[in-house]
Structures are given as C-alpha cells and as structure tokens.
Amino acid sequence: MQAILPDEVATKELGTWLGQRMQAGDTLWLHGDLGAGKTTLVRGLAEGLGITDRVTSPTFTFVHEFAGRLPFYHFDLYRLDDPEEVWDLGWSDYLGGQGVVAVEWPERLGENWPMAGLHITLTPVTLPDGSWARALTLESQGDEALRFLKELRATCSSLD
Ligand code: ADP
Ligand code: MG
C-alpha cells in the first residue's frame, strides 16, 4: 500500500492512528534514510499509545522503554555493528511479548532476520508544487499486520 505524507504532521498522525490500534506483540519496522521521518512517526505512535514522555531516538542505548496503554519499546539500531549484539539487549523478550515494539534501521540486522509485523518505508519526494514530502509504503510481513492495511484502506476509501 502506498500514499503520500505531505508534511510532518501527516506522518505523526499516521503514527498516532497506528498507536491507537496496536496490540501486545505488534511490531513496526521503520525503513528509510536519516531524516526520512521514522522518529517523527514513532512520536505519533507513542502519543497514540497514551505516552506523554518526550520521544528521542535511543541512539547510543539502542532501546528506550515507555509505559503507556501498553509497554512500548523504541529501538534505533543505526549504530549496531554486529546483529548478534541485539541478543544482549534482551531482544527475544521484547519481540512478540506483552508490549509494542518499533524498530528504526532494521537493515542493521541483516537480510535473514525474521521481521514479522508491519513494515513502513519513508522516502523523501518533491511534490509538483516544489514542496518536500514523504512517499509512504506499508507492507505486512506475515498475517498479523494485515488488519492495519485493511482498516487503513477502508478508512481512506471512506474519505473519497
Ligand atoms: P529519522 O528518524 O528517519 O532520521 P526524523 O523523524 O528524526 O527522521 O526527522 C525527519 C525530519 O524531516 C524532521 O526534521 C521533519 O520535520 C522533516 N520532515 C519534513 N517533511 C516530513 C514528512 N512528510 N514526514 C516526516 N518528517 C518530515
Ligand atoms: Mg530516527
């Protein structure tokens, strides 16, 4: 599924929409270069989960934990050198557990790492009027996250 997010507010709102719907064990994988808008989306997600703390990227610690409607774990693996390092973070306890997980830079885990859940890719694009926006791609890996795509599609067509 593809769409355009015209500005930062739209990206955050998509995050909030998802945050309101995410359930224990759900994982969101966020793809895109530096400045693509991954953390912006996570800020919205946190809001949707009822978290009022300020969300910054966990650059050096790899993960930040928040308490909202559900526990929320925000990973940023940008500085991860060796995928095996994530086991030391307690990775297997976070994933598919009692909370919601969002992962920036999942590419750092390598190609053969299991990544079931919702995949979002953000890519900067220029609109015809010359303004900068983000192209959005949503994909489900496994069946769990299909419900988001179905609901989003239904929501969008009802807006037509
Ligand atoms: P990342 O976590 O992917 O490195 P950030 O969310 O930290 O990216 O930063 C994205 C930057 O791009 C912010 O400065 C934000 O204001 C800007 N921006 C411009 N347009 C958008 C958009 N449509 N969606 C998200 N961010 C946008
Ligand atoms: Mg970031």
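Quick caveat: nothing in here was measured; it's all calculated off a predicted structure.

Q: Tell me about unusual backbone geometry, and name the residues and values.
A: For residues besides glycine, phi is generally negative; the peptide bonds are generally trans as well. Positive phi, close to 70 degrees, is recorded for F62, a residue that is not glycine. Positionally, F62 belongs in the loop between α2 (38-48) and β3 (63-67). Phi at W105 takes a positive value of approximately 60 degrees, unusual for a residue other than glycine.

Q: Which residues make up the pairing of strand β6 (residues 117-126), and what values go with them?
A: Walk down a regular strand and you will see the side chains alternate between the two sheet faces. Bridge count between strand β2 (residues 27-31) and β6: four bridges; the pairing is parallel. Across the sheet, the residue bridging to L28 is L118, located in β6. Looking at chain direction, β6 and strand β7 (residues 132-141) are connected through ten bridges and run antiparallel. Paired with L118 across the two strands is S140, which belongs to β7. Between β6 and β7, which pair antiparallel and follow one another directly, the connecting turn spans five residues, one of which, G130, has a positive phi of 90 degrees.

Q: Any details on the sheet that holds strand β4 (residues 71-76)? Residues and values, ideally.
A: In spatial order, the strands read β1-β7-β6-β2-β5-β4-β3; together these seven strands make up an open sheet with mixed pairing. Unpaired on one side and paired on the other, β1 (2-5) and β3 mark the two borders of the sheet. Neighbour to neighbour, the strand axes of the sheet diverge by 20 degrees on average, direction disregarded. Relative to strand β5 (residues 100-104), β4 is paired through five bridges, and the arrangement is parallel. From the neighbouring strand, D76 faces β5, where its bridge partner is E104.

Q: Help me get a handle on the nonpolar core, residues and values and all.
A: Residues L28, L45 and A102 are the most contacted members of the largest nonpolar core, which totals 35 residues. Discounting residues that sit within four places of it in the chain, L45 has contacts with G15, L18, G19, L28 and A102.

Q: Residue-level account of the site of ligand 1, with values.
A: Inspection of the region around ligand 1 gives 17 residues, with T11, G37, K38, T39 and T40 positioned closest. A breakdown of the residues in the shell around ligand 1 according to their chemical character gives six nonpolar, six polar and five charged.

Q: Got a sec to walk through α2? Specific residues and values, please.
A: With nine of eleven residues buried, α2 lies mostly within the body of the structure. Buried within α2 we find K38, T40, L41, V42, R43, G44, L45, A46 and G48. Next to the buried residues of α2 lie α1 (8-21), β2, β3, β4, β5 and β6. The positive-phi residue at the C-terminal boundary of α2 is G50, with phi of around 80 degrees.

Q: Now, about the packing of α1 against α2: what can you tell me, with residues and values included?
A: At a minimum axis separation of 6 Å, α1 and α2 run at an interaxial angle of 40 degrees. The angle between α1 and α2 falls in the class oblique. Read as a crossing pair, α1 and α2 show a hand that is right-handed. Counted together, E8, T11, K12, E13, L14, G15, T16, W17, L18, G19 and Q20 of α1 and T40, L41, V42, R43, G44, L45, A46, E47 and G48 of α2 form the full contact between these two elements. Among the residues forming the contact of α1 with α2, the class breakdown is seven nonpolar, eight polar and five charged.

Q: Break down the pairing of β5 for me, citing the residues and quoting the values.
A: The buried fraction of β5 amounts to five of the five residues, a majority that puts the element mostly inside the structure. Residue alternation in β5 divides its side chains into two sets, V100, A102 and E104 and V101 and V103, and both sets are buried. Where β2 and β5 come together, four bridges link them in parallel fashion. Along β5, the bridge assignment pairs T27 with V101.

The rules behind these values
- Residues numbered from 1 in each chain as written.
- Chains lettered and ligands numbered in written order.
- Predicted model: local features only at pLDDT ≥ 70, side-chain atom pairs only at ≥ 80, totals over all residues.
- Helix = DSSP H or I, 4+ residues; strand = E, 2+ residues; numbered from the N terminus.
- Pairing = 2+ DSSP bridges.
- Axes fitted to C-alpha atoms, helices over the stretch in contact; angles between N-to-C directions.
- Core = buried A, V, L, I, M, F, W, Y, C linked by C-beta atoms within 7 Å.
- Buried ≥ 20, exposed ≤ 12 C-beta atoms within 10 Å, placed from the backbone.
- Contact = placed C-beta atoms within 7 Å.
- Near = placed C-beta within 6 Å.
- Nonpolar A, V, L, I, M, F, W, Y, C, P; charged D, E, K, R; others polar.
- Parallel < 35°, antiparallel > 145°, perpendicular 65-115°, else oblique.
- Left-handed = near helix turned anticlockwise from the far one by under 90°.

Bear in mind that shape data such as this cannot, by itself, settle questions of function.
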